[in-house]
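Structural overview for review
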Amino acid sequence: MLGDIVQYLSDPFNQDRILGYLGEHLQLSLLPLVIGLAAAIPLGWLASRTRSLRLTLMGTANVVYTIPSLALFVVLPGLIGTQITAPINVILALSIYTAALLVRPVVDALDAVPGHVIAAATAMGYRPLRRFFAVELPLSVPVLAAGVRVASVSNISLVSVGALIGTGGLGALFTGGFQIRYLPPIIVGIALTLLLALVMDLLLVGLRRALTPWSRVGGAH
Amino acid sequence: MLQEILSWLTDPAHWSGPDGIPHRLLEHLGYTVVAALAAIAIGVPLGLFVGHTGRGGLALVGLTNGMRALPTLGLVTFLFLVLGSTQTSTLIALVVLAVPPVLAGTYAGVQDTPRGVVDAAQGMGMTGWQRLWRVEVPNATPLLLGGIRNAVLQLVATTTVAAFVGLGGLGRYVLDGLRVYAYPKVAAGALLVAALAVVLDLLLAGLQRVIVPRGLRLAAVTRRRGGVAREPERVGTDVVAGAVAREGANG
Amino acid sequence: MIEFRSVTKRFDDGTVAVDNLNLSVDAGTITVFVGPSGCGKTTSLRMVNRMVEPTEGAVLVDGADVRASDPALLRRRIGYVIQQAGLFPHRTVLDNVATVPLLSGWTRRRARDRAGELLELVGLPTELGKRYPAQLSGGQQQRVGVARALAADPPVLLMDEPFSAVDPVVREGLQDELLRLQAELDKTIVFVTHDIDEAVKVGEKVAVFRQGGHLAQYAEPDELLARPADDFVSEFVGRDRGYRRLSFLDASGIELRDVPTAREGALPEPRPEEWVLVLNAEDRPRGWLPPGSTVDTGSETAEVQPGGSLYTKGTPMRGALDAALSSPSGLGVVVDEDGRYAGVVTAEEVLEAIQQRRAEPEHGEPEQGGFG
Ligand SMILES: Nc1ncnc2c1ncn2[C@@H]1O[C@H](COP(=O)(O)OP(=O)(O)OP(=O)(O)O)[C@@H](O)[C@H]1O
Ligand SMILES: [Mg+2]
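What counts and how
- Residues numbered from 1 in each chain as written.
- Chains lettered and ligands numbered in written order.
- Predicted model: local features only at pLDDT ≥ 70, side-chain atom pairs only at ≥ 80, totals over all residues.
- Heavy atoms only, no water.
- Domains from an automatic or database assignment.
- Contact = heavy atoms within 4.5 Å.
- Buried area = accessible area lost by both parts, 1.4 Å probe.
- Salt bridge = Lys/Arg side-chain N within 4 Å of Asp/Glu carboxyl O.
- Polar contact = N/O pair within 3.5 Å; in protein donor to acceptor, adjacent residues only side chain to side chain.
- Helix = DSSP H or I, 4+ residues; strand = E, 2+ residues; numbered from the N terminus.
- Nonpolar A, V, L, I, M, F, W, Y, C, P; charged D, E, K, R; others polar.
- Core = buried A, V, L, I, M, F, W, Y, C linked by side-chain atoms within 4.5 Å.
- Buried < 20%, exposed > 50% of the residue type's maximum accessible area, 1.4 Å probe, protein only.
- Pairing = 2+ DSSP bridges.
- Axes fitted to C-alpha atoms, helices over the stretch in contact; angles between N-to-C directions.
- Parallel < 35°, antiparallel > 145°, perpendicular 65-115°, else oblique.
- Left-handed = near helix turned anticlockwise from the far one by under 90°.
- UniProt positions renumbered as here; feature names shortened; annotations may be inferred.

Quick word on the domain arrangement of chain C
- By domain assignment, chain C separates into domain 1 (2–237) and domain 2 (261–354).
- Placing a centre on the C-alpha atoms of domain 1 of chain C and another on those of domain 2 of chain C gives a separation of 42 Å.

Following this line, the structure appears as structure tokens:
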């Protein structure tokens, strides 16, 4: 078995393909993370301000999250008129998931910012928008980061489903291996997915640390 | 477009036989329910044990996080090639995917019982079992059920993907349709899966309302309204997305 | 009675939380463990109900080593109250209080009846029994916590900073309530706090702990304030201990004086040259008539100045000083338990009495007031 894997990996043609899939996988999982986060922050901010909006947004996010990924991958092209095999479908679908998953942490994080801190910032003359970026957003990083980590792991594992419609990064190793009844690419694909998830997670933890220097001194989270 | 999907869905020919909607729906539901029950049978006792004794918590968090990163499609194809049987391999893959949310939800639920409450239970002379059943389990219900809801959602989705290795269920429409570029069939299958997921989730949400003790729901409301700053561990405890978020908040 | 015999607790990480503690807590009294944070109060307390097991030595309750009893059974005979009350959020207030009776095998009905009685005992309306803990204020939750600990009528009660999570006003109320309850119930209570004011208020005896679980001094509150054993204790009880001491010395050593009095509605004419205390028909003080104020009034009561605070005999001496200082005549009015006039004191007399007590060679103080 191990011999098979080594043999499979030592083929330069395979190496090229694997690297290509890895790059695609990274792109397909990372872009949605950034886009989803960028969408979730303003949405969460809106939701944290009005009760009715909060209920609507949270409810929508929940329903969106119940839609299976494969279903979203194949329905989206019909809705937006793209090619069914276009990578944009996977990127868009995963962005939507990410946003749905992150709205709640954003709201929770904003809720968790102590009222007196906001009051103090207002008293010092911050306008709401500026205050949001200078005070509320930085303070919500720890809670937000937890959500982003989940989204990252979830995206990385979901991308491979895209292989069923032709764009799935490392997922192509699974469908390819299955078609020729050959295990090594499947094992390599699983291992690389796990590795990718782990590395991304470590990077995100590092990023959070860098963004929240105050939490290290106080011994808080 | 919508027209075509609708006419596919309403075509009487698609409502009977082994490839008919009722049969596929029942198949899908069957795999989901069996795998969910198995995951509950494994995850709940294990989660209760680790949460109650506090032993192996770190290992458990690491394990569940790792399992969550496993790519569904990879696992299913791997197991199929190793075991050869569609039924066994998909069922194992489904259980492997459903155990982490159940386990993490149960564990987090027990852990979520306030320190003082556990202390008081012990101080009043409850035995270990009494503390577990009368205090920790009731306190764990919101997160435990959240974990089960989450698991069921993942199961509905993953069962679709498992059609790739020949499993029945609604995933058939999607994959068979893709092969012949029959878009209405693909979309109809996808919509049916989504509808099943939403309905099951609503049912479980209703169950959650009934099962979670009233006092706990009130406590959650007070916590929220009181504006008491919640720690990351508390991120959303009652809905699916939240349940996912909190699990990942570990480690 | 609770005895600590050469008790040492060393945690797995090497922390010595309690070091060779020898202490005996009298039955039927409130004994307070006080000391700075982390000095081992909680650990000592929790060794009584075996929530923590001593590394060396033994803890005895009524002469029996606690290790001889099954922990769960032992704990059902020992009430336990903690800081956040630790109420079960998923159970109603009534069911919370009924917990130990139910564990001890009472019927549900009997346990609930008992719980209802206890809510009344701690001063909560019985309607509250149907609520959940989340629907109670912090002070109410603490009361429920006390009721729950008392439910099976345990002879011993352990209280770990039971009132420190509530605001000072509520806390004072809860302390008064505890003293009232104790007068009625006569439990053996060990009470942990790090607030020296609370310690001298509720404690009949106070054990001051020093960092590392050493007992620095074990004495009655008055003794503690009058003669701190060492610098640590005197630093801990604070510089204003003289005034604090007033809180629990009664004025029994002070000789009361008499002043001229008059009945309400029958004020003397002409007015005398000194302050006259006006009493109503039941001998209750109504106010002061200033000296020499001459006639010419439509309503005579207009001249009567409201008196300051009253000092009730047998209550802490601080009240006597307050009465003297707040009185327009400079004379503090002393009344008996029924609120009838008994005499007056001046601030000088109160202070002199304090000086005198402080000078007393050995501890031979009269019985303390304020704990009734
Ligand atoms: N389970 C434990 N393991 C290790 N060390 C402990 C443990 N419990 C308590 N300690 C340590 O033992 C010491 C005494 O703790 P304890 O809780 O008894 O203090 P305390 O007097 O009650 O303090 P506080 O007023 O803050 O409640 C502290 O240094 C504490 O850190
Ligand atoms: Mg303590």
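Digging into the interface of chain B and chain A
- Each partner contributes residues to the interface: chain B has 52 residues there, and chain A has 46 residues.
- Note on chain B versus chain A: buried area summed over both sides is about 4,100 Å², and carbon and sulfur give 79% of it.
- For the pair chain B and chain A, the number of links is zero salt bridges.
- There are three residue pairs in polar contact (both at pLDDT 80 or more) connecting chain B and chain A.
- Looking at the side of chain B that touches chain A, the elements with two or more residues in it are helix H3 (57–69), helix H4 (72–83), helix H7 (128–161), helix H8 (171–179), helix H9 (183–211) and helix H11 (240–248) of chain B.
- Tallied by class, residues from the side of chain B that touches chain A come to 36 nonpolar, ten polar and six charged.

Considerations on the nonpolar core
- Within the largest apolar cluster, 113 residues are counted, with the highest numbers of intra-cluster contacts made by Val74(A), Leu164(A) and Leu178(B).
- No other element matches the twelve residues that H7(B) contributes to this core.
- The residues contacting Val74(A), other than those within four sequence positions of it, are Ile84(A), Ile165(A), Val174(B), Leu178(B), Tyr183(B), Val186(B) and Ala190(B).
- If you look at the next biggest cluster of nonpolar residues, it comprises 45 residues, including Ala98(C), Leu157(C), Ala199(C) and Phe236(C).

Some details on the pairing of strand S6 (residues 78–81) of chain C
All names here are of chain C.
- Burial of S6 is two-sided: the residues Ile 78 and Tyr 80 facing one way and the residues Gly 79 and Val 81 facing the other way are all buried.
- Where S6 meets strand S7 (residues 156–160), four bridges bridge the pair, whose relative direction is parallel. Pairing of Ile 78 across the sheet is with Val 156, part of S7.

Observations regarding unusual backbone geometry
All names here are of chain C.
- Non-glycine residue Glu 161 carries a positive phi angle of around 40°.
- Residue position: Glu 161 is located in the loop between S7 and helix H7 (168–185).
- Given the relative accessible area of 12%, Glu 161 is considered buried.
- Even without a glycine there, the phi angle at Asp 283 is positive, about 70°.
- Among the secondary structure elements, Asp 283 is positioned in the loop between strand S12 (276–279) and strand S13 (285–289).
- Residue classification places Asp 283 among the partly exposed residues on the basis of a relative accessible area of 27%.

Side note on the packing of helix H2 (residues 21–53) of chain B against H9(B)
Residue and element names in this part refer to chain B.
- The N-to-C vectors of H2 and H9 enclose an angle of 50°; their axes lie 12 Å apart at closest approach. Looking at the two axes, H2 sits oblique to H9. The element H2 and its partner H9 pack so that their crossing is right-handed. Residues Ile 21, His 28, Leu 29 and Thr 32 of H2 form the contact with H9, whose own contacting residues are Leu 192, Val 193, Leu 196 and Leu 200.
- For the contact of H2 with H9, the class distribution of residues is six nonpolar, two polar and no charged.

Brief notes about the interface of chain C and chain B
- The interface of chain C with chain B comprises 22 residues on the first partner and 23 residues on the second.
- Note on chain C versus chain B: buried area summed over both sides is about 1,900 Å², and carbon and sulfur give 64% of it.
- Among the residues chain C hides against chain B, the three largest losses belong to Pro89(C), His90(C) and Leu103(C). Together they make up 28% of the total.
- Along the contact surface separating chain C from chain B lie one salt bridge.
- Here Arg46(C) and Asp119(B) are joined by a salt bridge, their closest N and O atoms 2.8 Å apart.
- Counting every contact that joins chain C to chain B gives six residue pairs in polar contact (both at pLDDT 80 or more).
- Among the secondary structure elements, those contributing two or more residues to the side of chain C that touches chain B are helix H2 (71–76), S6 and helix H4 (99–103) of chain C.

Section: the UniProt feature "domain: ABC transmembrane type-1" (unreviewed entry) in chain B
- The UniProt feature table records "domain: ABC transmembrane type-1" (unreviewed entry) at residues 25–204 of chain B.
- Taken end to end, residues 25–204 of chain B has its terminal C-alpha atoms 18 Å apart, with 86% of it in helix and 0% in strand.

Describing the environment of Tyr173(B)
All names here are of chain B.
- Note that Tyr 173 resides in helix H8.
- For the pair Tyr 173 and Thr 141, spaced 32 residues apart in the sequence, the C-alpha separation amounts to 36 Å.
- In this structure Tyr 173 touches Trp 8, His 14, Asp 19, Gly 20, Ile 21, Arg 24, Lys 185, Val 186, Gly 189 and Leu 192, once residues within four positions along its chain are discounted.
- Here Asp 19 takes part through its backbone oxygen, which lies 2.8 Å from a polar atom of the side chain of Tyr 173.
- Side-chain polar atoms of Tyr 173 contact the backbone oxygen of Gly 20, separated by 3.2 Å.

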